[in-house]
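Fold and geometry: a report
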Amino acid sequence: MIAISEKEFENTFTKSFEGDDSGDRTPRQTPGKLYSRAAPTPVAAPKLLAWSTDLAEKLEVKYPSQTDIEILAGNKVTSSMVPYAACYAGHQFGNWAGQLGDGRAINLGEWSTKNGIFELQLKGAGPTAYSRHADGRAVLRSSVREYLMSEAMHHLGVPTTRALSLVSTGDNILRDMFYNGNPEYEPGAIVTRVAPSFLRFGNFELLAAQRETEKLRQLVNWTIDRYYPHLTGEENILKWFEEVVEKTAFLMSEWQRVGFVHGVMNTDNMSILGLTIDYGPFSFLDNYDHNFTPNTTDLPGRRYAFGNQPSIGYWNLGRLANALSLLFEDTEGLEAALGTYEKSFWDYYYGMMGRKLGFDKVGKKEKELISRFEKMLSVVQPDMTIFYRLLADVPSEAASEPVLHFQPSFYDNLEPQDEELFTALIADYYNMRKNSSLSEEESKKLMNLNNPRIILRNYLLHQAIEELEKGENMLFLKLQEALKQPYSLAGFEELVAKRPEWAAKKAGCSMLSCSS
Ligand code: AMP
Ligand code: MG
């Protein structure tokens, strides 16, 4: 175990590529540069609010001393760190947005451990060359959300960037949360994010848009060498793209499994490693609804709604392929690789749904049943998480009637025709599970490992944030503990409940703005 202040950071990225080393943080275009050096801006009174012991163990890093906390707040930079903001571009809501870059994330360097190499990044540490008109800061509310949710996703088994620490800054920041011309001061905070790489599709799109073919090739080769080292030899760029396609398809199926809606699937928020990245106005589904988007900026188009995520994943890969086409004589290979997305996604999807439903295999009959589940869930719109957990309780061996065992109170007010759809499906499902080669116990176990019981619902996050803003951390600590055991069979009963009525319309509990 070593303290952050004592660790020798590596700086492979800044050593390998041309950046703007001036340290100038005036917002500007930096053509041909992959990053700009940017020192974090000090804050008034850093205070450690949270520390991920689980991630700290993986990183072999000691619990932070006051000196370490100063580093996590951006008040101190050690001699081996080369802080920088990466330059990337992106398509936002379907439109080319040009250069974007890390407007409020500052990379400290690379942290090498026996578990691999990780980049450490401060989110909200002040302006960089890419801050455009914004302040480079993050409010407590959005930092708490990212800290808890990225750790929750990790424990759910979904690929994600992670969070090591949450520090309040003691500074206030002005935000117009509702975009209605009434800005208010809110407390600021900084999350230390951790990932093997924060490279996005947008890093590649930037160089392609600038026609920097050689730099693009260099970045692609570097990414392959470092993160896809098994891909060698001829056509390895194409093989690499195929893997990115595959990883993205898997990620989309995982989001569908747990009911996660990202909310801002712009290409600058798509990880080249297939990780969930850039937690903003995300939400878990409460009621099952394909059209649900948690992002107020995504209305009325609902481009990033729950049900659209897999096809947006494909669209985004298309933008990446387009950027990479600069490295190919023709686009045939890239098109073919892109064409594998659909099959990959559906294979992952049916496998995942099979496990959610407790089947050991998914053939034609199971696929038909899965489609009926989709249809029924969309009509009945039960709470997705509770629904699947209760489904595991449908007996598959008892000879008695299945439906009688399955009368959870939240289906009480079904329309008669919906109730018919529902009961008929559960009866067929019961028969299918009865005939499966898995025992009741085996299928139940499989289901409970694939259907979370505890998820971080937006209203819970909202309540935890309200408390923290008042200086109380009871709920925050409870959520931090509970998120580590999403598939547990018991405990934290008070968190296993439908979203209350009052939260359905309240800002921050159902929908959110990007203002963070
Ligand atoms: P997002 O979609 O939230 O990931 O952010 C889109 C772009 O806006 C990225 O380039 C961010 O770095 C930038 N950005 C968002 N919030 C801020 C902020 N408060 N200060 C500077 N840049 C920001
Ligand atoms: Mg982003």
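All figures in this text were calculated on a predicted structure; none of them were measured in a lab. (Residues numbered from 1 in each chain as written. Chains lettered and ligands numbered in written order. Predicted model: local features only at pLDDT ≥ 70, side-chain atom pairs only at ≥ 80, totals over all residues. Heavy atoms only, no water.)

Details of empty space enclosed by the protein
Note the following rule: Of the grid points, spaced at 1 Å and generated over the protein atoms alone, those admitting a 1.4 Å probe that cannot get out make up cavities, while open sets with protein on both sides within 12 Å along at least five of seven lines make up pockets; any residue with an atom within 4 Å of a point is treated as lining. Grid points are joined across faces, edges and corners, and a volume is the space filled by probe spheres set on the points. Three residue categories are used. Nonpolar comprises Ala, Val, Leu, Ile, Met, Phe, Trp, Tyr, Cys and Pro, charged comprises Asp, Glu, Lys and Arg, and polar comprises the others, including Gly.
By the definition in use, this model includes six cavities of 30 Å³ or more. The volume enclosed by the largest cavity comes to roughly 100 Å³. Residues belonging to the lining of the largest cavity are distributed by class as follows: six nonpolar, four polar and three charged. Here the second largest cavity is characterised by a volume of approximately 80 Å³.

With respect to the domain arrangement of the protein
Where we set the bar: Source of the domain bounds: an automatic or database domain assignment. Any two residues having at least one pair of non-hydrogen atoms within 4.5 Å are treated as being in contact. As a working definition, buried area equals the accessible area (1.4 Å probe) given up by two parts on being put together, with both sides summed. The term salt bridge refers to a pairing of a side-chain nitrogen on Lys or Arg with a carboxyl oxygen on Asp or Glu at a separation within 4 Å. Pairs of N or O atoms within 3.5 Å make up the polar contacts considered here, provided that, within protein, one atom can donate a hydrogen while the other can accept it, and that residues adjacent in sequence are counted only when both atoms are side-chain atoms. Only DSSP runs of H or I reaching four residues or more are called helices, and only runs of E reaching two or more are called strands; each is numbered from the N terminus.
The assigned domain composition of the protein is domain 1 (4-198), domain 2 (202-351), domain 3 (362-450) and domain 4 (458-503). Computed over C-alpha atoms only, the centres of domain 2 and domain 3 are separated by 32 Å. Contact with domain 2, which involves twelve residues of that partner, is made by 13 residues of domain 3. Summing both sides of the interface, domain 2 and domain 3 together bury roughly 1200 Å²; the carbon and sulfur share of this comes to 51%. Looking at the side of domain 2 facing domain 3, the largest losses of area belong to Arg257, Tyr288 and Tyr350, adding up to 59% of the total buried there. Where domain 2 packs against domain 3, one counts zero salt bridges. Here domain 2 and domain 3 share six residue pairs in polar contact (both at pLDDT 80 or more) between them. Those elements that provide at least two residues to the side of domain 2 that touches domain 3 are helix 7 (236-258) and helix 9 (332-357). Ranked by residue count, the leading element in the side of domain 2 that touches domain 3 is helix 7, at three residues.

Concerning the layout of surface pockets
In this structure, the largest pocket occupies an estimated 970 Å³ of space. Along its surface, the largest pocket is lined by 40 residues, and Gln92, Arg104, Arg132, Cys514 and Ser516 are the ones closest to its centre. If you tally residues by element for the lining of the largest pocket, the top one is helix 4 (residues 140-156), at four residues. Here the residues of the lining of the largest pocket are counted per class, giving twelve nonpolar, 14 polar and 14 charged. A domain split of the lining of the largest pocket shows at least three residues from each of domain 1 (4-198) and domain 2 (202-351). Empty space within the second largest pocket amounts to approximately 520 Å³. Lining the second largest pocket we find 26 residues, and of these Arg141, Met177, Phe178, Glu186 and His462 sit closest to its centre. For the lining of the second largest pocket, the residue count by class is nine nonpolar, seven polar and ten charged.

What about the coordination of the magnesium ion (ligand 2)?
We count it as follows: Donor atoms are limited to N, O and S found within 2.8 Å of the metal ion, a distance that becomes 3.2 Å for Na, K and Ca. With water left out, some sites might look partial. For each residue, the accessible area found with a 1.4 Å probe, counting protein chains only, is set against the maximum for its type, and the residue is called buried under 20%, exposed over 50%, and partly exposed in between.
Around the magnesium ion (ligand 2), the protein contributes the donor atoms Asn269 (OD1) and Asp278 (OD), at 1.9 to 2.2 Å from the metal centre. For Asp278, a relative accessible area of 14% translates into the label buried.

Quick notes on the side chain of Asp102
Applicable threshold: Positive charges are assigned to Lys and Arg, negative charges to Asp and Glu, while His and the chain termini are left out of the count.
The residue Asp102 is located in the loop between strand 5 (95-99) and strand 6 (105-113) in this model. The charged side chain of Asp102 is buried without a salt bridge, its nearest counter-charge being Arg200 at 4.2 Å. A polar atom in the side chain of Asp102 sits 3.4 Å from the side chain of Asn107. In contact with Asp102, other than residues within four places in its own chain, are Ala85, Ala86, Tyr88, Asn107, Gln121, Thr128, Tyr130 and Arg200.

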